[in-house]
Amino acid sequence: MSLSRLFSARVSTLQTRALGACLLGGLLAAGAPAQAEETAGNARWVSDSLSTYVRSGPTDGYRIVGTLTSGQKVELLRTQGDYSQVRGESGNAVWIASRDLQEVPGQVERLPQLEQKVAALTTELAGINDTWKTRVQGMQETLDSRKALIDELQAARAKLDGELNQARSELRDAQAQLGDENKQVLMRYMVYGGSIAGAGLLAGLILPTLLRVRRKRNDQWV
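Residues numbered from 1 in each chain as written. Predicted model: local features only at pLDDT ≥ 70, side-chain atom pairs only at ≥ 80, totals over all residues. Heavy atoms only, no water.

Summing up its helical and strand segments, the protein has two helices and seven strands in all. Seen in sequence order, the protein has helices and strands lined up from the N terminus as α-β-β-β-β-β-β-β-α. Looking at the 222 residues of the protein, the share that counts as buried comes to 17%. At a minimum sequence separation of 6, the contacts of the protein that also span at least 24 residues come to 53%. Summed over all atoms, the accessible surface of the protein reaches about 16700 Å², with 57% contributed by carbon and sulfur. (Helix = DSSP H or I, 4+ residues; strand = E, 2+ residues; numbered from the N terminus. Buried < 20%, exposed > 50% of the residue type's maximum accessible area, 1.4 Å probe, protein only. Contact = heavy atoms within 4.5 Å. Areas by Shrake-Rupley, 256 points an atom, 1.4 Å probe, with all protein chains shown as cover.)

Shown next, in the form of structure tokens:
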């Protein structure tokens, strides 16, 4: 696998993980503010899973005085046993089984908020995706330019290596030639020195003889 393909695969994996994390975090955060805000007070909602009757007292023995619709918001007044006294939109205080109340808004009330949050997150993720694509394209171009530069440097290095090897070969040849020339010069010096020594020896032998002969001649004339 080439360097560019490996980098693209890694960036795609990181991008997918980042998008998934953002979406999950956004959906979790969508319900958290409403839950925290309403739990601090006495607001309650009738459970989404039922439509329940309300009574005039805190037991099943009291008469039914009306109904509350699923997801309706009520105000918790007090709790006694398995029942809670609540006040609905009409302002009347009635009793309802505590198990039929929940501390978070119903799905009907939360659905528009969730849809709005999902739309905002979708837009945000689209922006992140475009940003990632731009960055990946820029990184890919950078990788291509760096790869071209690396190829150019490798070619220049190969050329320099060839020139260096050629220079070393020429240096070895020059050293060998210089060694031969040094030997020749040494031989010349030895021959020259031998010639001088021989001439000196010959002169040393001849000159005394010539001097003796000359002396003899001089003596004869006297």
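Here the narrative resumes.
Right, let's talk about the pattern of salt bridges for a bit. Counted by the stated rule, this structure contains three salt bridges. For Lys 147, the salt bridge is made with Asp 151, and the minimal N-O distance between the two is 3.4 Å. Taken as a pair, Lys 147 and Asp 151 lie in helix H2 (residues 107-221) at a separation of four residues, close to a single helical turn. (Salt bridge = Lys/Arg side-chain N within 4 Å of Asp/Glu carboxyl O.)

Taken together, Leu 201, Leu 202, Leu 205, Ile 206, Leu 207 and Leu 210 make up a surface patch of nonpolar side chains, about 600 Å² in accessible area. By the element assignment, Leu 207 lies in helix H2. (Patch = residues over 30% accessible without salt bridge, like charges linked within 9 Å, V, L, I, M, F, W, Y side chains within 5 Å.)

In a soluble, globular protein the nonpolar side chains are often hidden away together inside. Membership of the largest hydrophobic core is limited to eight residues, which are Val 54, Leu 68, Val 74, Leu 76, Val 86, Val 94, Ile 96 and Leu 101. Of all the secondary-structure elements, those providing two or more residues to this core are strand S4 (73-80) and strand S6 (93-97). (Core = buried A, V, L, I, M, F, W, Y, C linked by side-chain atoms within 4.5 Å.)

On to the side chain of Arg 55. For Arg 55, the location among the structural elements is in strand S2 (residues 52-55). Although Arg 55 is buried, it forms no salt bridge, and the closest oppositely charged side chain is Asp 60 at an N-O distance of 4.2 Å. Not counting residues up to four positions away in its chain, the partners in contact with Arg 55 are Asp 60, Tyr 62, Arg 63, Ile 64, Val 65, Tyr 83, Val 94 and Trp 95. (Lys, Arg positive; Asp, Glu negative; His and termini not counted.)

On average, residues of the protein score 75 in pLDDT, and 72% of them reach the 70 mark or higher. Considering each helix and strand of the protein separately, the mean pLDDT is smallest for helix H1 (residues 3-39), with a value of 46, and largest for strand S5 (residues 83-87), with 94. Here residues 1-24 scores under 50 on pLDDT; set against residues more than four positions off or in separate chains, the count is 18 contacts. In this model, residues 32-40 is a region of pLDDT below 50 whose contacts with residues beyond four sequence positions or in other chains number eight contacts. (pLDDT = per-residue confidence, 0-100.)

Bringing the packing of aromatic side chains into the picture now. If you walk through the whole model with that rule in mind, you get zero aromatic pairs. Residue placement shows Arg 135 over the ring face of Trp 132; its charged tip is 5.3 Å from the ring centre. (Phe/Tyr/Trp six-rings, centres within 6.5 Å; stacked < 30°, edge-to-face > 60°. Lys NZ or Arg CZ within 6 Å of the ring centre and 35° of its normal.)

Where burial is concerned, most of S5 is hidden: four out of the five residues are buried. Pairing geometry for S4 and S5, over five bridges, is antiparallel. The residue bridging Glu 75 from the neighbouring strand is Arg 87, located in S5. Between the end of S4 and the start of S5, which pair antiparallel, lie two residues, with Gly 81 showing a positive phi angle near 65°. As defined by bridge partners, S5 adjoins S6 across five bridges and the pair is classed as antiparallel. Within the sheet, the bridge partner assigned to Ser 84 lies in S6 and is Ile 96. If you look at the hairpin formed by S5 and S6, you'll find five residues sitting between the two strands, and Gly 91 has a positive phi there, around 95°. (Pairing = 2+ DSSP bridges.)

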